[in-house]
Amino acid sequence: MLGLTITACSAGHGSIKYPEAPQDGTVDTIFGLTVSDIYRPLENDTAPATLAWVEAENKVTQDYLSKISFRKDIADRLTTLNNYVKRGLPSLKNDGYFYYAENDGLRNQSVIYRSKDLADDSAREVFLDPNTLSDDGTVALDGIFRSKDGKYTAYTINRSGSDWAEIYVMDTETRELLPDHIEWAKFTGAEWDGDGFYYSAYPRPEAGKEFSNANENHQIYYHKIGTPQSEDTLVFSDPANPLHFHSAQVAESDPVLFVSIGGQGVGNAVKMRRGNDWVTVSPDQQYKTDIIDVIDGKIYILTTWGADRKRLMVADVKRPSRENWQELIPQGEGVMKSVSLVGDDLYVVNQKDATDHIEIYSLDGTRKGEIKLPILGSVSLSTSRRHPESVYYALSSFTSPATVYRYDTATGESSVVFRPEIEGVNFDDYVTEQVFYPSADGTKVPMFLTYKKGLERNGKNPVYLYGYGGFNISLTPGFSANRLFMLENGVIYAQTNLRGGSEYGEAWHQGGTKLNKQNVFDDFISAAEYLVKENYTNPELITIEGGSNGGLLVGAVVNQRPDLFKVAFPRVGVMDMMRYHLFTIGWNWASDYGTSADSPEMAAYLLGYSPLHTIRNDGTPYPAIMVTTADHDDRVVPAHSFKYAAALQAADTGDAPKLIRIDSKAGHGAGKPMSKIIDEYADIYSFMFHNLGLTPVIK
């Protein structure tokens, strides 16, 4: 094991011997602050010492988990719960086919089908099966993009969970794969214009640093079908601002090219190409600006400019600058999430108290009505301006898998197209309630609680508390088959809508950013305190989880209130707040976090909550912790979790286990194969129940 030494720590099954991590004693000085970073060598994820440490850590973790008697039973139950048919929204194209994704149970990736009759499965054919792209399911289909004439279909894939994308092209009718192949694309689709498409890419990275080096100079290219990538035309670049994102959009109803520019603000600037000239539509990244479409010479724009919760504006395509915009639909009580065109109507998804609602407007902004949804939940739409006779939408909640509906625009009636069923599960056995609790400063924060009917508030119920709190991301009700396992074992699933998200507009978001970030941690801690105060549970039965920015959340609140939680899962977390901006796209998060290079005040604030730097070392008992990350995570590089886990294991935080689970051929989470998802949750739930001192009942 390349000379690894072992330190001992009593925990869990007796004495856990943690591998000693490579270290070099690094100490940084930032605005006069002394910042220890002794595990700096772990930032080199391809170094032999790091690879040996990863192998040793995984062995420790798997040895621990293998001794949990019900681990295999949990994996078997999760396999059963996930073995049901899942179907995505259908999209009707001009060739008369509906295209949709379906997973018939346990496939690693969903298959894309096409059919002219949604009611007759025998009439469908496989259009694209991502499961054939790799032997182990680690190649994931990221997006599908049809040319305007329908002749070509481009699709993007990601390998092993990486954000790096490749683009392939196929003949839509014959499904024949064409020679066209784009590499080193990132954060992109394929925006068709004529006989080619626009895409975004970074320069080819240095060999060996593909998943860790900072990404700079995002550029937009145009690829003409039948030509090699080396001949692609550079369309948009901004070398003076190497940390900006650039993405192309071609309006659906009028082939006007827009470029969205983001990465260093809470919103995005927008430019439009007119002939050979670029015209500014929105000048800065202070506000969010989404181009909906261009119709009869008018640009429809969804924006936060002048509207904390967004409003819909219109602008003349010949005079598109922001001072010429006119309001079409003003902001309302809810947050305007999206706008879609159906014929000459606008379908607006509004979010109110973290649940979705669909309203209908005419092109002149007159409200015409709404689609009455059967349950409160989360909704997604599939619409077409060219096929205005129907709208398809998927609706899901904590106790309802995504059900696909067809809305008849003539009659105003909805009908079920596809409703999933899980054998042996009666969703009527469970209930969801929404509560509002006070945070430390008195702010009312919403939280969803889902549990088995008949639950007694006796302070003895295990709770699984989940949060995120950042980057304008809203946590709305959603279904998880894996979560069913907890619910059927009497666990309360609690999902809280912390500040930093978009639940109540930009003010709610800003209330959890930069020097306000502590509000997010206070909101989460207050959620747990509320559940204890209201006699749902007690601190010995509370498990917490969060991923990415939510992993930062879990790491921070454990350090601040280790007495309040029994088990914690910081997953793919941002754990080093002093250096996060130096890796891959970490610089993009500065609009939410600020950076240690900004000012003495900002550096001190970040150091004050950075999970890596605020671990206690005085014998204070910590919860049982299992960190999770993956070797191909180039969003939040695994060095964050590596250094945090090493520091946890070396600190004096009591006897509860401090483990790290490092997945292979996986990334930040998107596109992860079903088999890996089941394995991961089997380990998470085994670790949780074992450390809560509970034995789950396996159906």
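Data block above holds the structure.
Residues numbered from 1 in each chain as written. Predicted model: local features only at pLDDT ≥ 70, side-chain atom pairs only at ≥ 80, totals over all residues. Heavy atoms only, no water.

(A) A look at the overall build of the protein. When helices and strands are tallied, the protein shows 10 helices and 41 strands. Taken over the C-alpha trace, the protein has a radius of gyration of 25 Å; the compact-globule value for 699 residues is 27 Å, and the two agree within 12%. Considering only C-alpha atoms, the protein reaches an extent of 70 × 55 × 50 Å along its principal axes. Each of the 699 residues in the protein was classed as buried or not, and the buried ones make up 59%. (Helix = DSSP H or I, 4+ residues; strand = E, 2+ residues; numbered from the N terminus. Rg over C-alpha atoms; globule rule 2.2 N^0.38 Å. Buried < 20%, exposed > 50% of the residue type's maximum accessible area, 1.4 Å probe, protein only.)

(B) Looking closely at the packing of helix H2 (residues 71-82) against helix H10 (residues 674-692). Remark: H2 packs on H10, axes separated minimally by 9 Å, with the N-to-C direction vectors making an angle of 135°. Classified by the angle between their axes, H2 and H10 sit oblique to one another. H2 and H10 meet at a crossing whose hand is right-handed. Where H2 abuts H10, its residues Arg71, Ile74, Ala75, Leu78, Thr79 and Asn82 lie against Met674, Ile678, Tyr681, Ala682, Asp683, Tyr685 and Ser686. Taken together, the residues that form the contact of H2 with H10 break down as 8 nonpolar, 3 polar and 2 charged. (Axes fitted to C-alpha atoms, helices over the stretch in contact; angles between N-to-C directions. Parallel < 35°, antiparallel > 145°, perpendicular 65-115°, else oblique. Left-handed = near helix turned anticlockwise from the far one by under 90°. Contact = heavy atoms within 4.5 Å. Nonpolar A, V, L, I, M, F, W, Y, C, P; charged D, E, K, R; others polar.)

(C) Here's a closer look at the pairing of strand S7 (residues 98-103). Buried residues dominate S7, accounting for 5 of its 6 residues. Here 2 bridges tie strand S5 (residues 86-87) to S7, and the two strands are oriented antiparallel to one another. Looking at the pairing, Arg87 lines up with Glu102 of S7. Two strands pair when backbone bridges link them, and strand S6 (residues 91-92) and S7 are joined in this way by 2 bridges, in the antiparallel orientation. From the neighbouring strand, Ser91 faces S7, where its bridge partner is Tyr99. (Pairing = 2+ DSSP bridges.)

(D) Seen up close, the environment of Thr409. Following the sequence through the fold, Thr409 ends up in the loop between strand S32 (400-408) and strand S33 (413-418). Given a relative accessible area of 28%, Thr409 falls into the partly exposed group. Remark: the alpha-carbon pair of Thr409 and Leu92, spanning 317 residues in sequence, is separated by 15 Å. Among all residues touching Thr409, those that are not within four sequence positions of it are Val342, Tyr347, Pro388, Glu389, Ser390 and Val391. A distance of 2.7 Å separates the side chain of Thr409 from the backbone oxygen of Pro388, its partner in a polar contact. (Polar contact = N/O pair within 3.5 Å; in protein donor to acceptor, adjacent residues only side chain to side chain.)

(E) Structural detail: the sheet that holds strand S30 (residues 378-382). With respect to topology, 4 strands assemble into an open sheet ordered S30-S31-S32-S33, the strand pairing being antiparallel. Whereas interior strands pair on both sides, the edge strands pair on one side only; in this sheet they are S30 and S33. Each neighbouring strand pair of the sheet contributes to a mean axis angle of 30°, computed without reference to strand direction. Taken together, the 5 bridges between S32 and S33 define a ladder with antiparallel strand orientation. From the neighbouring strand, Tyr407 faces S33, where its bridge partner is Ser414.

(F) Expanded view of the pairing of strand S16 (residues 219-224). In this structure, strand S15 (residues 196-201) lies alongside S16, joined through 6 bridges in antiparallel fashion. Of the residues in S16, the one forming a bridge with Tyr198 is Tyr222. By the bridge criterion, 3 bridges tie S16 to strand S17 (residues 233-236) in an arrangement that is antiparallel. Looking at S17, one finds that Tyr222 is bridged to Thr233.

(G) Up close: the pattern of salt bridges. Inspection of every chain in the model, using the stated rule, returns 42 salt bridges. A salt bridge links Asp95 to Arg146; the nearest nitrogen and oxygen atoms lie 3.5 Å apart. Here Asp95 is found in the loop between S6 and S7, whereas its partner Arg146 is found in strand S10 (residues 139-146), with 51 residues between them in sequence. Residue classification places Asp95 among the partly exposed residues on the basis of a relative accessible area of 29%. (Salt bridge = Lys/Arg side-chain N within 4 Å of Asp/Glu carboxyl O.)

(H) Up close: helix H6 (residues 549-560). Helix length check: H6, at 12 residues, gives a terminal C-alpha distance of 17 Å against a target of 16 Å (1.5 Å per residue), a fit within 8%. Burial within H6 is extensive, with 11 of its 12 residues counted as buried. All of the buried residues in H6 are Asn549, Gly550, Gly551, Leu552, Leu553, Val554, Gly555, Ala556, Val557, Val558 and Asn559. (Expected span 1.5 Å × (residues − 1).)

(I) Representation of the packing of helix H3 (residues 481-488) against H10. Where H3 contacts H10, the two axes come as close as 10 Å, and the packing angle between them is 25°. Accordingly, the angle class assigned to the pair H3 and H10 is roughly parallel. For the pair H3 and H10, the crossing hand works out as right-handed. Counting all contacts with H3, which are made through Asn482, Arg483, Phe485 and Met486, the residues of H10 involved are Ile677, Tyr681, Tyr685, Met688 and Phe689. Here the residues of the contact of H3 with H10 are counted per class, giving 7 nonpolar, 1 polar and 1 charged.

(J) How the structure looks around the sheet that holds strand S41 (residues 658-663). Pairing is mixed in the open sheet, where 8 strands are placed in the order S34-S35-S37-S36-S38-S39-S40-S41. At either margin of the open sheet sits one strand with a lone partner, and together these are strand S34 (430-438) and S41. The average undirected angle you get between the axes of adjacent strands in this sheet is 20°. Pairing between strand S40 (residues 624-630) and S41: 6 bridges, direction parallel. Looking at the pairing, Val627 lines up with Ile660 of S41. Sheet strands touched by H3: S34, strand S35 (444-452), strand S36 (463-466) and strand S37 (492-496). Its angle to S35, the strand with the most contacts, is close to 75°.

(K) Molecular detail of the layout of surface pockets. Of the pockets and cavities examined, the largest pocket occupies roughly 440 Å³. Of all the secondary structure elements, the ones that give two or more residues to the lining of the largest pocket are strand S31 (390-397), S32 and S34. Broken down by element, the residue count for the lining of the largest pocket peaks at 5 residues, all from S34. Looking at the lining of the largest pocket residue by residue, the class counts come to 13 nonpolar, 7 polar and 3 charged. (1 Å grid on protein atoms, 1.4 Å probe; cavity = no way out; pocket = protein on both sides within 12 Å on 5 of 7 lines; lining within 4 Å. Points joined across faces, edges and corners; volume = space filled by probe spheres on them.)

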